[in-house]
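Remarks on the overall topology
Residue-level listing of the chains:
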Amino acid sequence: MKRNYFKTVIIFIAIVGLFISAHALAAPKKLVIGHPACLSGKYAKAGEQAMGGIKACTDWVNTVYGGVLLGGKRIPLEYKYYDCESKKEAVTSLIGRLVTVNKVNVIFSPYSSGLTLRGAPVTESHQMLYMDHGGANNKIFQQGFRYIVQTIGPGSSYHEGTLDMIHHIDPKAKKVALAYEDSEFAKSVMHGAEKHAKELGFNVVFARTYPKGVTDLTPLLSALKASNPDFILGGGHFEDGQLFNRQMADLDIDTNALSLIAAATLPAFYKALTSMAEGVMGPSHWEYGVKYSAQGAQKVGLPWIGPSQDEFVALFKKALGKEMIPDYHAAEAGAQVLAYVLAVEKANSFNSDKVRAALGDLTFMSFYGGWDVDETGLQVGHSMVNVQWQMGKRVIVWPEEAQTGDPCYPLPTFAEKAKGKVAVPR
Amino acid sequence: MPNKCINEDFRMVLEQLAGNLIQGLVLGAVYGMATMGLSLIFGVLKVVNVGHGAFIMVGAFITLWLFNALGINPILAIPVAFVIGMGLGFIFYYTTMQRLIKAPELATLLATFSIGILLEEFIKLIFGSEFRGYNWVVGKIDIGITVFPMTKLYACIGSALIAALLYMWFNKTRAGSAVRSVVEDSEGARVCGVNVGGAYALSFSLGIGLTVASGVLLTMFIPVGINPYMGGGYTLKAFVIAVLGGLSSPYGAFFGGLVFGLIENGSYTIFALLPGVEPFALTRFLSFVILLVILLIKPTGILSRK
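Residues numbered from 1 in each chain as written. Chains lettered and ligands numbered in written order. Predicted model: local features only at pLDDT ≥ 70, side-chain atom pairs only at ≥ 80, totals over all residues. Heavy atoms only, no water.

What follows covers the packing of helix α5 (residues 150-172) of chain B against helix α8 (residues 196-221) of chain B. All names here are of chain B. Orientation of α5 relative to α8, taken along the N-to-C sense of each, is 165°, at an axis distance of 8 Å. Taken together, the axis directions place α5 and α8 in an arrangement best described as roughly antiparallel. Crossing handedness for the pair α5 and α8: left-handed. On the side of α5, the interface is formed by T151, K152, Y154, A155, G158, S159, I162, L166 and W169, while α8 contributes L202, L206, L210, L217, M220 and F221. Considered class by class, the residues forming the contact of α5 with α8 number 11 nonpolar, 3 polar and 1 charged. (Axes fitted to C-alpha atoms, helices over the stretch in contact; angles between N-to-C directions. Helix = DSSP H or I, 4+ residues; strand = E, 2+ residues; numbered from the N terminus. Parallel < 35°, antiparallel > 145°, perpendicular 65-115°, else oblique. Left-handed = near helix turned anticlockwise from the far one by under 90°. Contact = heavy atoms within 4.5 Å. Nonpolar A, V, L, I, M, F, W, Y, C, P; charged D, E, K, R; others polar.)

Moving on: the nonpolar core. Counting residues in hydrophobic clusters, the biggest one holds 122 residues, and the most contacted among them are A:L221, A:L224, A:F244 and A:F269. The element best represented in this core is α8(B), accounting for 15 residues. Dropping the residues within four chain positions of it, A:F244 is found in contact with A:A179, A:Y210, A:L217, A:L221, A:L224, A:I232, A:G235, A:L258 and A:L260. Among the nonpolar cores identified, the runner-up in size contains 109 residues, and A:M131, A:L342, A:A343 and A:F367 belong to it. (Core = buried A, V, L, I, M, F, W, Y, C linked by side-chain atoms within 4.5 Å. Buried < 20%, exposed > 50% of the residue type's maximum accessible area, 1.4 Å probe, protein only.)

Looking now at unusual backbone geometry. All names here are of chain A. Of note, the amide linkage connecting W398 to P399 takes the cis form, showing an omega dihedral of 0°. Note that P399 resides in the loop between β16 (393-398) and α14 (414-418). The phi dihedral of K103 is positive, around 55°, even though this residue is not glycine. Within the secondary structure, K103 sits in the loop between α3 (88-100) and β5 (106-108). Backbone geometry at Q127 places phi at a positive 50°, although glycine is not the residue there.

Let us look at the interface of chain A and chain B. Buried accessible area, meaning the area lost when the parts come together, often serves as the stated size of an interface. Across the boundary between the two partners, chain A contributes 42 residues, which contact 36 residues of chain B. On the chain A side of the interface with chain B, the three residues burying the most area are A:T215, A:P219 and A:R246, jointly 20% of the side's total. At the junction of chain A and chain B, the tally comes to 2 salt bridges. The partner of B:K140 in a salt bridge is A:D252, and the shortest N-O contact between them spans 2.6 Å. Summed over the shared surface of chain A and chain B, the number is 13 residue pairs in polar contact (both at pLDDT 80 or more). Only α2 (44-65), β9 (203-210), α7 (218-226), α8 (238-250), α9 (267-273) and α14 of chain A provide two or more residues apiece to the side of chain A that touches chain B. The greatest single-element share of the side of chain A that touches chain B, amounting to 8 residues, is contributed by α8(A). (Buried area = accessible area lost by both parts, 1.4 Å probe. Salt bridge = Lys/Arg side-chain N within 4 Å of Asp/Glu carboxyl O. Polar contact = N/O pair within 3.5 Å; in protein donor to acceptor, adjacent residues only side chain to side chain.)

In this section: the environment of B:V13. Residue and element names in this part refer to chain B. By the element assignment, V13 lies in helix α1 (residues 2-45). As a C-alpha pair, V13 and F67 span 54 residues in sequence and 38 Å in three-dimensional space. Not counting the four nearest positions on each side in its chain, V13 is found in contact with T269 and L273.

This part takes up the sheet that holds strand β1 (residues 31-37) of chain A. Sheet strands pair via backbone hydrogen bonds, and the direction of the pair is either parallel or antiparallel. Residues and elements named next belong to chain A. Taken in spatial order, the 5 strands of this open sheet run β4-β1-β5-β6-β7, and their pairing is parallel. The open sheet terminates on both sides in strands that have one partner only, identified here as β4 (77-83) and β7 (148-150). Each strand axis lies, on average, 25° off the axis of its neighbour in the sheet, ignoring direction. Alignment of β1 against β4, held across 7 bridges, turns out to be parallel. Counterpart to V32 in the pairing with β4 is E78. Sheet strands touched by α2: β1, β4 and β5. Its angle to β4, the strand with the most contacts, is close to 165°. Relative to strand β6 (residues 130-132), helix α4 (residues 113-125) is tilted by about 165°, and along the sheet it contacts β5, β6 and β7. (Pairing = 2+ DSSP bridges.)

Taken as a whole and assessed by the stated rule, the structure comprises 21 salt bridges over all chains. Within this structure, A:K45, B:E130 and B:R132 form a network of salt bridges that share partners.

The following block contains the structure:
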């Protein structure tokens, strides 16, 4: 009798074990991207764009590409997101929920370096692949995290193109002022800009930070004005970028060039500041009008994947149900979907370790441009462009090979702008 | 030659300091106005309105909407915002606060906190959560050491005028006297025939009206960054200013605002002289050190009579 019981238990355990292992080894019916998205709070603008980009490329993968090829079968890609309200504490809890409750296969980071960094230890603890389209701070990749891979470019390179451009078009410009938000991301941009400026022979006459959530920059800008720079680089995020430009106008701080990170490339920046935003530049990871194509990819020997630029724009509008042109936040999030799909196919697995290893070896080109990461996961294959507001439109002014128009340099004064003068190319 | 350089540097620092102090004074007047509502409500009802910043945000959105959608001058938005604010004040008083006047302090704290969140989410529902702004250009005044857009001066003058009007209302009208009597001794006022409940309702709605109107003045000073969650920073500043000026005195709050503006802007130039220091971070630090010191030395505020 006893022996029969024992036999039954052994057989039961064996059947359950077989069932579990078969279930675990079988290809899933779908792949799910999990995303703590910033749909409200201070990063809502960028968060909405990122969500649109991810939805657009997921749509393309499922309807045009035919799904993700895994184990000889094409399976659909799904997108599961929650609003993290741009709050750090929500990011950590939502990642936990996406991994344990929703059983997603990969986590896409929220917007901003601070939020991305906050989520990284959580994904590491779950041994879950963490793809970063929103955190540019180099420090994220110096912490020894194993599962993080970046699509957005590193912060240290944001203002390199702007400095190169001014060095090229105005050899007489020598004095640069740097004023950035006191955030991890903005400080990494500032350190990169300071280093590159010195390499190019510029004299950094002002280098200060201002706190997050600042509502009045007058004291800092008064000191900046006194340093009498030839041009100004700065910013942090959207809200302080708006304030920076507005209060420069209030204090009549006229300069040859002004470049603000994150804020100046968004349509809402011009909408809020109108004529005061004329001529303001911003570095961008992508801009509508860039000329990346399958033919271009072939020329440089990179495989091409994804929709064309116009197809992406159409899918983005469909995804959000709005007549809105995507910005770089959308493009980099969308390109990240493509990188994930390629890596899963390359690894022929959805296991985070295997996909992470495949991402390390992956290089490709899409509508977003090049994609390649170093051994820490830092993006090294993507080049940025510089965008300038000219006559109410965004024009790519640098690098020369990507230009859709010449730069306006020097800028009209704020008094001239108040009278209706617009930024006209040289 | 080195002496000439030192003199030149010293002159520049003095110029910057003077310019920042004047800017601070102008900003401080608006900060003061933005705190008067908080102090009035605390002074009369002994209610700490932790949703204060949300009412400022409502004022900012009223200005934005009137200017962008209807082209109405922000100066004209001040009375509109004040009336809407008073209306909101009456609604929240009779639906919520009236029942909580005698309740423990935690109940009123939670109630005003909830009202603040309610307003933020309601505005988000209508306008969305992005940061907005408007561009009202009406010229500038250059005084040599600094430049003032006229909008900032209008905001400063408007704040001073409203503070003066409130002072006159309190001291020259029967309604103002009634409210003052309730502040002094509510039971005594009731015995003398003052409608204490009415005085509470009027004070609460007046406080909210002033706060919403201050949202207009703040956007005249800083016309960008308008979003449903913008009020949090102002609530924090308002508490510092209110304590600085005397928590239950609206006029004290106005002068507290002036002092706060001067500290915030003036100290930047001084801290900037210290090598290896980020002056902006220290100005905030100093504000809260001053708050702590005042709380320790004179908890009723430096300008309060008690």
